[in-house]
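# Architecture and fold: a report
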Amino acid sequence: MTAERIEEMLKTYRAEVGRCGHLQMEMELLRKEIEADKAFLADDLAGPGAQFISDMPRGTAIGNPTEKLGIMLASGYISDEIREKEAKLGELQLEYNERHKTVVYVESWLAGLPERERWMIETQVIDGVIWREILTQYPEKFGEYRSKDTLKRIRDRALDMIYDMSE
């Protein structure tokens, strides 16, 4: 994995976490809709307006509409609406799987860093906090003053550790 890819993953981490949460909720709602549609599929097929009456003479097809619907359901019939929802669910799952990789990678890297390095990566790289604010937040967090150059060295050391983890 290249350094540019790693830095891109770090910078987009927060957005990916949010998008993954959104996708999980959408997929759960869609699964429930599909379950409900499948549960009422027989009722929808047999309900009013579902029958098709043709003026054509009878051929070799089943003449009893109840039998015809029963055979359709027994053979695994799924409506076009359910098929579309399942396709949409598949697309959402693919997007989730791709975005979730970034979340897992970044969380693993952060877990492998010491506290100060992890804080620097989270604050400066992931959250994009400016150096002036970091210079005031660092002493509050760790109880000691560090210069901007020292903080940059801590960040660079943390990035080097992440690069080593990703090899």
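Up top you'll find the structure we're talking about.
Residues numbered from 1 in each chain as written. Predicted model: local features only at pLDDT ≥ 70, side-chain atom pairs only at ≥ 80, totals over all residues. Heavy atoms only, no water.

Per the counting criterion, the structure on display carries four aromatic pairs. Ring centres of tryptophan 119 and phenylalanine 142 lie 5.7 Å apart, and the angle between their planes is 90 degrees; on these two criteria the pair is classed as edge-to-face. With tryptophan 119 in helix H6 (residues 115–126) and phenylalanine 142 in helix H7 (residues 131–142), this pair connects stretches of sequence that are 23 residues apart. When sorted by exposure, tryptophan 119 lands in the same class as phenylalanine 142, which is buried. Positioned above the aromatic ring of phenylalanine 142 is the side chain of lysine 141, whose terminal nitrogen or guanidinium carbon lies 6.0 Å from the ring centre. (Phe/Tyr/Trp six-rings, centres within 6.5 Å; stacked < 30°, edge-to-face > 60°. Helix = DSSP H or I, 4+ residues; strand = E, 2+ residues; numbered from the N terminus. Buried < 20%, exposed > 50% of the residue type's maximum accessible area, 1.4 Å probe, protein only. Lys NZ or Arg CZ within 6 Å of the ring centre and 35° of its normal.)

Quick look at helix H8 (residues 148–165) now. Relative to the 26 Å expected for 18 residues at 1.5 Å per residue, H8 spans 26 Å between its end C-alpha atoms, a close match to the ideal helical length. Of all the positions in H8, only Leu151, Ile154, Arg155, Ala158, Leu159, Ile162 and Tyr163 are classed as buried. In the core, the buried residues of H8 are packed alongside helix H1 (3–11), helix H5 (80–111), H6 and H7. (Expected span 1.5 Å × (residues − 1). Contact = heavy atoms within 4.5 Å.)

Right, let's get into H5. Helix length check: H5 (32 residues) gives 46 Å between terminal C-alpha atoms against 46 Å at 1.5 Å per residue, within 8%. Here H5 has its buried residues at Ile82, Lys85, Leu89, Leu92, Tyr96, Thr102, Val103, Val106, Trp109 and Leu110.

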